[in-house]
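This is what each chain is made of:
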Amino acid sequence: MKQILILEDDKDLNRGIAFFYEKEGYRVLKSYSLHEARKVLQNQAFEFVIMDLNLPDGDGLMLCKELREKSDMPIIILTARDLEIDEVNGLNSGADDYIAKPFSLSVLNARVNAVLRRKSRKEENEILTSKDIRINKKTMKVFKATDEVDCSVTEYKILCFLMENKNQVMLKEQILADIWDKERNFVDENTLPVNIRRLRKKIEDNPSEPKYIKTIHGMGYLWCEE
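So, how was this worked out
Residues numbered from 1 in each chain as written. Predicted model: local features only at pLDDT ≥ 70, side-chain atom pairs only at ≥ 80, totals over all residues. Heavy atoms only, no water. Pairing = 2+ DSSP bridges. Helix = DSSP H or I, 4+ residues; strand = E, 2+ residues; numbered from the N terminus. Axes fitted to C-alpha atoms, helices over the stretch in contact; angles between N-to-C directions. Contact = heavy atoms within 4.5 Å. Patch = residues over 30% accessible without salt bridge, like charges linked within 9 Å, V, L, I, M, F, W, Y side chains within 5 Å. Areas by Shrake-Rupley, 256 points an atom, 1.4 Å probe, with all protein chains shown as cover. Salt bridge = Lys/Arg side-chain N within 4 Å of Asp/Glu carboxyl O. Buried < 20%, exposed > 50% of the residue type's maximum accessible area, 1.4 Å probe, protein only. Core = buried A, V, L, I, M, F, W, Y, C linked by side-chain atoms within 4.5 Å. Polar contact = N/O pair within 3.5 Å; in protein donor to acceptor, adjacent residues only side chain to side chain. Domains from an automatic or database assignment.

1. Quick look at the sheet that holds strand S12 (residues 169–171)
Strand pairing in a sheet relies on backbone hydrogen bonds. The paired strands run either parallel or antiparallel.
Piece 1. As summarised here, the arrangement of the three strands in space is S12-S14-S13, forming an open sheet in which the pairing is antiparallel. Two strands lie at the open edges of the sheet, namely S12 and strand S13 (213–216), each paired on one side alone. Direction aside, the axes of adjacent strands within the sheet are offset by 35° on average.
Piece 2. Sheet topology note: the S12/strand S14 (residues 220–223) ladder contains three bridges and is antiparallel. Bridge pairing in S14 places Val169 opposite Leu222.
Piece 3. Relative to S14, helix H6 (residues 153–164) is tilted by about 65°, and along the sheet it contacts S12, S13 and S14.

Written as structure tokens, this is what we have:
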């Protein structure tokens, strides 16, 4: 069960929000101070956090900044501070949305769902998959089924480029241009077939009869997903 954290020192309001999200199928943890919230955040993961700013032991903006430095967990600020500068400060501190009190639970839930949809789309863009090959672009890790594949930087760049352009013939010149690194050190053309051979050994069931990386003679390579 996915769990969320509600940081709100108004106990009635905290319970009301918690009751709503429990009916939505979440496991809800309630905190009433920065100290309590920091304690539970150290040991548990949350789908998202709804937090007030005016708390008995400090300003919630500090916690918002702390969370954003180490996590991309969605943060929704729910506060009585309704000035434009307050909203700007909240968003600049790393919040994904800022809602001023008074509010309705239906609006809160709609805003939360919008934040979760954006996060989901972002995560989808960070994952490349093709049959049993998966790339996590955020961590730069490659997997064949459940086994991690150890790739060099150049192999990784070539693999990403081919998978992002699956079922299309990629010219050698296109592949080389894509892996031009930040220092603008162009990868030597002769290294391309060497890296392709290495990739095939790592991801193909039978490297001599590749099902993924096909050679298109005189042109380049094709990532085949069909």
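Let's pick the thread back up.
2. Examining a nonpolar patch on the surface
Piece 1. There is a patch of nonpolar side chains on the surface, built from Leu83, Ile85 and Val88 and spanning about 270 Å² of accessible area.
Piece 2. Its place among the elements puts Leu83 in the loop between strand S6 (75–79) and helix H4 (84–92).
Piece 3. The exposed category is assigned to Leu83, whose relative accessible area is 53%.

3. Let's talk about the sheet that holds S6
Piece 1. The five strands lie next to each other as S2-S1-S3-S6-S7, forming an open sheet whose pairing is parallel. If you trace the sheet from one side to the other, it starts and ends with strand S2 (27–31) and strand S7 (97–100), each paired once. Here the strands of the sheet are splayed against their neighbours by 20° on average, with no regard to which way each runs.
Piece 2. As judged from the four bridges shared by S6 and S7, these two strands associate in the parallel manner. In the sheet register, Leu78 faces S7, and the bridge partner there is Ile99.

4. Looking at the nonpolar core
Piece 1. Ranked by size, the top nonpolar core spans 25 residues in total, and within it Ile135, Ile158, Leu159, Leu162, Ile175, Ile213 and Trp223 carry the most contacts.
Piece 2. Secondary-structure elements contributing two or more residues to this core are strand S9 (133–136), H6, helix H7 (172–178), helix H8 (191–203) and S14.
Piece 3. The element best represented in this core is H6, accounting for seven residues.
Piece 4. Leave out the neighbours within four places in its chain, and Leu162 touches Met170, Ile175, Ile196, Ile213, Tyr221 and Trp223.
Piece 5. Core analysis: the next-biggest nonpolar cluster, separate from the first, contains 20 residues, Leu41, Val49, Met51 and Leu67 among them.

5. So, the side chain of Thr79
Piece 1. Structurally, Thr79 is set in strand S6.
Piece 2. Classification of Thr79 as buried rests on a relative accessible area of 0%.
Piece 3. A distance of 3.4 Å separates polar atoms of two side chains, one belonging to Thr79 and the other to Asp52.
Piece 4. Filtering out sequence-adjacent residues up to four positions away, Thr79 remains in contact with Asp52, Leu53, Asn54, Tyr98, Ile99, Ala100 and Lys101.

6. Some words on the domain arrangement of the protein chain
Reports often express the size of an interface as the amount of accessible area lost when the parts come together.
Piece 1. If you check the domain split of the protein chain, you get domain 1 (3–125) and domain 2 (131–223).
Piece 2. The gap between the C-alpha centroids of domain 1 and domain 2 is 41 Å.

7. A closer look at the pairing of strand S8 (residues 127–130)
Regular strands place side chains that alternate from one sheet face to the opposite one.
Piece 1. Here S8 shows a clear split, with Leu128 and Ser130 buried on one side and none of Ile127 and Thr129 buried on the other.
Piece 2. Two elements, S8 and S9, share four bridges in a ladder whose sense is antiparallel. Note on S9: the bridge partner recorded for Leu128 is Ile135.

8. Quick notes on unusual backbone geometry
Piece 1. Residue Pro102 is reached from Lys101 by a cis peptide bond, and omega for that bond is -5°.
Piece 2. Although it is not a glycine, Met140 sits at a positive phi angle of roughly 60°.
Piece 3. With respect to the helices and strands, the residue Met140 is situated in the loop between S9 and strand S10 (141–144).
Piece 4. Since its relative accessible area comes to 49%, Met140 is described here as partly exposed.
Piece 5. Non-glycine residue Ala145 carries a positive phi angle of around 55°.
Piece 6. Note on placement: Ala145 falls in the loop between S10 and strand S11 (147–149).
Piece 7. The partly exposed category is assigned to Ala145, whose relative accessible area is 46%.

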